[in-house]
Amino acid sequence: EGWKWDATNSILTLTGINFNVNDENAIVIPSDKDFTINLVGENKISSNKKAISRLGSSKNTGTVTISGDGSLELTVTGVDPAVEFVNLTIASGKVKAVGGSILALEQIAITGGEVTVDTVNASPNAYYVDGLYANGKVSISAGEVNLTVSSAGIFVPGIGSEQPIVGVNITGGKINISSPVAAIYAGYKYDSFDIAKNVIIDGSSIDFKDSNLGIYSANGTITITKKTSITAKKGAKIYGFN
């Protein structure tokens, strides 16, 4: 059916799959194990729930790594994110999520490849319509990231994961974000939550596209070095604080 499981090395290879699983999760991955998804050819998954989900564990320490020369397109039509992991690394390949966020309980790292998230036409009741959503940290060091969303582009609230204090660390890559809220949103201040997350952008090319606000920090700091190239529409704010 277009998939192969290497149990010794915990590698799932997808080769040209086209799954429509309706109200099910297409792939469920243990949260306490490191796991690799190897992409070969064009792969597509459609679901009314999370296309790829995690199996809960008391440890919740595992990292899912997506690699390979192929592509993976995930389309969700319900209220859930496209994927939910504990930690996610995208090393290579093309990953596209339509209708829901790419979500991690702890951290998302993009070290290569091409990542696209489009939630503009998500279900009206969808909960997760940000682009990259990680409670602890999002880091981008290479590759291309394209986010066209109806909430925040990169969202790191820190709820339940106040460490590390650096919530967004961008050191490379080409990034394009269109967001009505903020292209990058770090930290959270609401009722009992008063969480600081710092943003560091040190060497990348970022276009905030149609975003009215580029970077927002609730209680944290924002550092942008001269190695960074930022483009924004006329009248937009590059950064703002609570």
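Up top is the structure.
All of these numbers come straight from a predicted model, not from anything done at the bench.

**Focus on the overall build of the protein**
Consideration 1: Helix and strand counts for the protein stand at zero helices and 28 strands.
Consideration 2: Over its C-alpha trace the protein gives a radius of gyration of 17 Å, about what one expects of a compact globule, namely 18 Å for 242 residues.
Consideration 3: Expressed along its principal axes, the backbone C-alpha trace of the protein runs to roughly 50 × 35 × 35 Å.
Consideration 4: Within the protein, the proportion of its 242 residues that are buried is 50%.
Consideration 5: Expressed as a percentage of contacts within the protein between residues at least 6 apart in sequence, the contacts between residues at least 24 apart total 66%.
Consideration 6: Here the protein has roughly 10,800 Å² of accessible surface; of this, 46% comes from carbon and sulfur atoms.
Consideration 7: Distance between charge centres in the protein, computed from 19 positive and 22 negative side chains, equals 7 Å.

**So, the side chain of N135**
Consideration 1: Examined against the element boundaries, N135 turns out to sit in the loop between β14 (132–134) and β15 (137–140).
Consideration 2: When its relative accessible area of 12% is taken as the criterion, N135 is described as buried.
Consideration 3: Contacts of N135, omitting those with residues within four sequence positions, involve A104, L105, E106, V156, P157, G158, I159, S161 and K197.

**Concerning the pairing of β15**
Consideration 1: Both faces of β15 are covered, namely the face carrying K137 and S139 and the face carrying V138 and I140.
Consideration 2: Pairing of strand β12 (residues 102–110) with β15 involves four bridges; the strand directions are parallel. Residue pairing in the sheet places Q107 in a bridge with K137 of β15.
Consideration 3: Where β15 lies against strand β18 (residues 166–170), three bridges are found, and the strand directions are parallel. Its bridge partner being in β18, V138 is matched across the sheet by V168.

**Focus on the nonpolar core**
Consideration 1: Ranked by size, the top nonpolar core spans 51 residues in total, and within it I52, I102, L132 and I154 carry the most contacts.
Consideration 2: Ignoring any residue separated from it by four or fewer positions in sequence, one finds I52 in contact with I27, I29, I37, I45, L72, L74, A82, V83, E84 and F85.

**What about empty space enclosed by the protein?**
Consideration 1: Under the definition given, this model contains two cavities of 30 Å³ or more.
Consideration 2: Approximately 50 Å³ is the volume found for the largest cavity.
Consideration 3: In terms of lining residues, the largest cavity is bounded by I29, P30, S31, K33, R54, G62, V64, F85, V86 and N87.
Consideration 4: For the lining of the largest cavity, the secondary-structure elements that each account for two or more residues are β4 (27–30) and β10 (83–90).
Consideration 5: Top contributing element to the lining of the largest cavity by residue count: β10, with three residues.
Consideration 6: By volume, the second largest cavity is sized at about 40 Å³.

**A closer look at the pattern of salt bridges**
Consideration 1: Overall, the coordinates contain five salt bridges when judged by the stated rule.
Consideration 2: Here D202 and K227 are joined by a salt bridge, their closest N and O atoms 3.4 Å apart. One end of the pair, D202, is in the loop between β23 (198–201) and β24 (205–207); the other, K227, is in the loop between β26 (222–224) and β27 (229–231), with 25 residues separating them in the sequence.
Consideration 3: Residue D202 is classed as partly exposed on the basis of its relative accessible area, which comes to 24%.
Consideration 4: Here the salt bridges share partners, and the residues they tie into one network are K50, R54 and E84.

**Some thoughts on the environment of N18**
Consideration 1: You can see N18 is positioned in strand β3 (residues 18–20).
Consideration 2: Distance in space between the C-alpha atoms of N18 and L72 is 9.8 Å, their sequence separation being 54 residues.

**Description of the packing of aromatic side chains**
Consideration 1: All chains considered together, the criterion is met by seven aromatic pairs.
Consideration 2: Ring plane angle 80° and centroid distance 5.1 Å describe the contact between Y133 and F155, whose orientation is recorded as edge-to-face. Of this pair, Y133 sits in strand β14 while F155 sits in strand β17 (residues 154–156), placing them 22 residues apart in sequence.
Consideration 3: The exposure class of Y133 is buried, given its relative accessible area of 15%.
Consideration 4: Where Y185 meets Y216, the ring centres are 4.7 Å apart and the plane angle is 45°; that geometry is what we call tilted. Within this pair, whereas Y185 is found in strand β20 (residues 184–186), its partner Y216 is found in strand β25 (residues 213–217), the two being separated by 31 residues in sequence.
Consideration 5: Owing to a relative accessible area of 14%, Y216 belongs among the buried residues under this scheme.
Consideration 6: Of the aromatic side chains, those joined through ring pairs into one cluster are Y128, Y133, F155, Y185 and Y216.

Thresholds applied
- Residues numbered from 1 in each chain as written.
- Predicted model: local features only at pLDDT ≥ 70, side-chain atom pairs only at ≥ 80, totals over all residues.
- Heavy atoms only, no water.
- Helix = DSSP H or I, 4+ residues; strand = E, 2+ residues; numbered from the N terminus.
- Rg over C-alpha atoms; globule rule 2.2 N^0.38 Å.
- Buried < 20%, exposed > 50% of the residue type's maximum accessible area, 1.4 Å probe, protein only.
- Contact = heavy atoms within 4.5 Å.
- Areas by Shrake-Rupley, 256 points an atom, 1.4 Å probe, with all protein chains shown as cover.
- Lys, Arg positive; Asp, Glu negative; His and termini not counted.
- Charge placed at Lys NZ, Arg CZ, Asp CG, Glu CD.
- Pairing = 2+ DSSP bridges.
- Core = buried A, V, L, I, M, F, W, Y, C linked by side-chain atoms within 4.5 Å.
- 1 Å grid on protein atoms, 1.4 Å probe; cavity = no way out; pocket = protein on both sides within 12 Å on 5 of 7 lines; lining within 4 Å.
- Points joined across faces, edges and corners; volume = space filled by probe spheres on them.
- Salt bridge = Lys/Arg side-chain N within 4 Å of Asp/Glu carboxyl O.
- Phe/Tyr/Trp six-rings, centres within 6.5 Å; stacked < 30°, edge-to-face > 60°.

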